[in-house]
Structure formats: structure tokens, C-alpha cells
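A closer look at the structure
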Amino acid sequence: MAIKIDKKIKGYQVVKPEDKAAPAPAAAPVKDAAPVAEVIQMHESLERPETLVGNTYKIKSPLFEHALYVTINDIVLNPGTPHEQRRPFELFINSKNMDHFQWIVALTRILSAVFRKGGDVTFIVEELKAVFDPRGGYFKAGGVYMPSIVAEIGAVIEQHMKSIGLIHDPEMSEATRQLIAEKRAAYEKANSATSTAAVMGAASSAIGTSDTAATGNDTHTNASGFPAGATLCSKCNTQALVLMDGCQTCLNCGYSKCG
């Protein structure tokens, strides 16, 4: 069938078979399903808008003299409608530190290309957080362990994706919350007598009993707000793992080596 074109051709685009959306089969309704972000398939022909919205996050690592500033810009889909959504579109990292300029530029370009491709880009978070520095990691503010600066960049991207609704945290059940509270109360009760005796002994042997006793109470918790003797949890990377009844138990996420 011939079609006559009356207007001047300014551009063209070849429609590929995979670009044609197939009708999705009707799915049965699922009750009490966890919220899942909708996967947005972007196309290579999508041009960058003149204006993008985004956030800038500061990373202050003991490995660097100067802070890193991670800027993530989002593209707004269906603006002004009930279906308005934000999806990551590009990423920039700025710093006064030029020692790692090459890999930072490479990382930003690759991540921006993945974002613009669209689809399920949440896998980037786990890939970056799994990068370990052979020289060792560090604890950031709040007592959370970061195995590398790349892992903290991944944590920043995860935080941003959670804020725009692309990643949803699984909610902890009320039974798990109650169990963690009971375990923490039992641990603190079992160690209160020992801690009190240690503080009183140090206070009586030092000059200025009141000052020593006042500072001694601050050592009962670490930077994360958990008992000072807690170790690092391999699941949530928080110093909240304590030994209870012969089993290592995390007071933050409920993880237990005994199941």
C-alpha cells in the first residue's frame, strides 16, 4: 500500500520489533503484596530535558582529605498527572581531591549511561556496595561500616532511590521488633551489674569521683546507640551484634547466626 508524503521529511526512526509493546496478560490480584517500583523502559532517542530535578549528597571519608559531593539528577515522567514519577537520569561526583579523578569520571559516565538506558537499575546498588578496599574500610557517622568509598557511593545511590520510591525497604514485622526489644533488654540487664561495678571502681580510684562517674555512663553505648561491646553485623553493617545465650544476635536488624 503506497502512502504519499506531502510534508518535508525532517527526520526518521526505525521501529524495532522489541519496541512494540506486547499486551500484558491479566494477572490475578495479589493481596497484601509488598510495594514494588514500576520498571520504566527508556529509549536511546530520549533527549535530556533542559531542566532536571535532583539532590546532592556529601560523603566525608577518612580516606580522603576533601569531601565528595554526589549529585543525582532525575527525569520526571508524566509530570502534572497522578502517574508522575521520578527516575535517575544522570550522576556527577565533584571533589577538590584529584588523586582519583580518572576512575570517578569513568564511574559517573557509566552510571549515567545505565540510568539513561532505563529498566531495573537497582542492581547497581548491590554491585557498588560489594566493592571492598584492600587497605580496609572505615566507619562513617552513626557507626555503619563502609568497606570502601565506592561502597559508600552505592549507599548514597540507594538512599536516593529510596527517597524517590524506586527501592522499598521490607518492613520488619511486629513480632521481630518485639523480639529484638526483649533481647536488648535482657542483654542490658545481664551486663548492668558488671558495668556498674566497673564504673564505681574507676570512680573511687580516680580524683574527682563525680566527673569520672558522669563520663563512665557514656561508655555504655557505641556510636550506633547499641551496647559498647557490640561487634559488626555482617547483614546490616552496624555495630549491634552481641552474644546472647551462646548465639550472636544483631539488635538492629534481628539477624542471628543460630537462625
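Scroll up for the structure.
What counts and how
- Residues numbered from 1 in each chain as written.
- Predicted model: local features only at pLDDT ≥ 70, side-chain atom pairs only at ≥ 80, totals over all residues.
- Heavy atoms only, no water.
- Helix = DSSP H or I, 4+ residues; strand = E, 2+ residues; numbered from the N terminus.
- Buried < 20%, exposed > 50% of the residue type's maximum accessible area, 1.4 Å probe, protein only.
- Areas by Shrake-Rupley, 256 points an atom, 1.4 Å probe, with all protein chains shown as cover.
- Salt bridge = Lys/Arg side-chain N within 4 Å of Asp/Glu carboxyl O.
- Axes fitted to C-alpha atoms, helices over the stretch in contact; angles between N-to-C directions.
- Parallel < 35°, antiparallel > 145°, perpendicular 65-115°, else oblique.
- Left-handed = near helix turned anticlockwise from the far one by under 90°.
- Contact = heavy atoms within 4.5 Å.
- Nonpolar A, V, L, I, M, F, W, Y, C, P; charged D, E, K, R; others polar.
- Phe/Tyr/Trp six-rings, centres within 6.5 Å; stacked < 30°, edge-to-face > 60°.
- Core = buried A, V, L, I, M, F, W, Y, C linked by side-chain atoms within 4.5 Å.
- Pairing = 2+ DSSP bridges.

**A word on the overall build of the protein**
Within the protein, the secondary structure is distributed over 5 helices and 8 strands. In sequence order, the secondary structure elements of the protein are arranged as β-β-β-α-α-β-β-α-α-α-β-β-β. Here the protein holds 259 residues, and the buried ones make up 31% of them. Of the roughly 17700 Å² that the protein leaves accessible, carbon and sulfur atoms contribute 56%.

**Points about the pattern of salt bridges**
Tallying each qualifying case throughout the model produces 6 salt bridges. For E158, the salt bridge goes to K129, with nearest N and O atoms at 2.9 Å. In this pair, E158 is assigned in helix α3 (residues 149-163) and K129 in helix α2 (residues 123-129), connecting sequence segments 29 residues apart. Owing to a relative accessible area of 30%, K129 belongs among the partly exposed residues under this scheme. Beyond isolated ion pairs, a larger network of salt bridges with shared partners links R48, E90 and R116.

**Thoughts on the environment of G165**
Here G165 shows up in the loop between α3 and α4 (174-204). Its relative accessible area of 23% is what places G165 among the partly exposed residues. Taking the C-alpha atoms as reference points, G165 and R87, separated by 78 residues in sequence, lie 9.0 Å from one another.

**Remarks on the packing of helix α1 (residues 101-117) against α3**
Here α1 crosses α3 at 30 degrees, and the two axes come no closer than 13 Å. Looking at the two axes, α1 sits roughly parallel to α3. Our pair here, α1 against α3, has a crossing hand that is right-handed. Where α1 approaches α3, its residues W103, L107, L111 and F115 are matched on the opposing element by I149, V150, I153, I157 and M161. Residues belonging to the contact of α1 with α3 are distributed by class as follows: 9 nonpolar, no polar and no charged.

**Some thoughts on the packing of aromatic side chains**
A complete count under the given rule lists 1 aromatic pair for this structure. Taken together, a centroid distance of 5.3 Å and an interplanar angle of 65 degrees make the contact between F139 and Y145 edge-to-face. Owing to a relative accessible area of 39%, F139 belongs among the partly exposed residues under this scheme.

**Looking at the nonpolar core**
Of all hydrophobic cores here, the largest spans 28 residues; its most connected members are L91, I157 and M161. Looking at this core, the elements with two or more residues in it are β1 (53-59), β2 (68-77), β3 (85-94), α1, α2 and α3. If you tally residues by element for this core, the top one is α3, at 7 residues. In this structure M161 touches P88, F115, V121, T122, V125, L166 and I167, once residues within four positions along its chain are discounted. Counting 11 residues, the second-largest nonpolar core is a separate cluster that includes Y187, A240, L241 and M244.

**Some remarks on the pairing of strand β7 (residues 239-244)**
Two faces belong to every sheet, and in a regular strand the side chains alternate between them. Judged from the 2 bridges that link them, strand β6 (residues 231-232) and β7 form a sheet pairing that is antiparallel. Bridging across to β7, L232 finds its partner in Q239. In sequence, β6 turns back onto β7 through a hairpin of 6 residues, with N237 there showing a positive phi of about 55 degrees. Examined bridge by bridge, β7 and strand β8 (residues 247-250) share 4 bridges and lie antiparallel to one another. When the bridges of β8 are listed, L243 appears paired with Q248. In this antiparallel pair of consecutive strands, β7 and β8, the connection spans 2 residues, and D245 shows a positive phi of 55 degrees.

**Here's the deal with the sheet that holds β6**
One open sheet holds the 3 strands; their spatial order is β6-β7-β8, and the pairing between them is antiparallel. Each having just a single partner strand, β6 and β8 make up the two edges of the open sheet.

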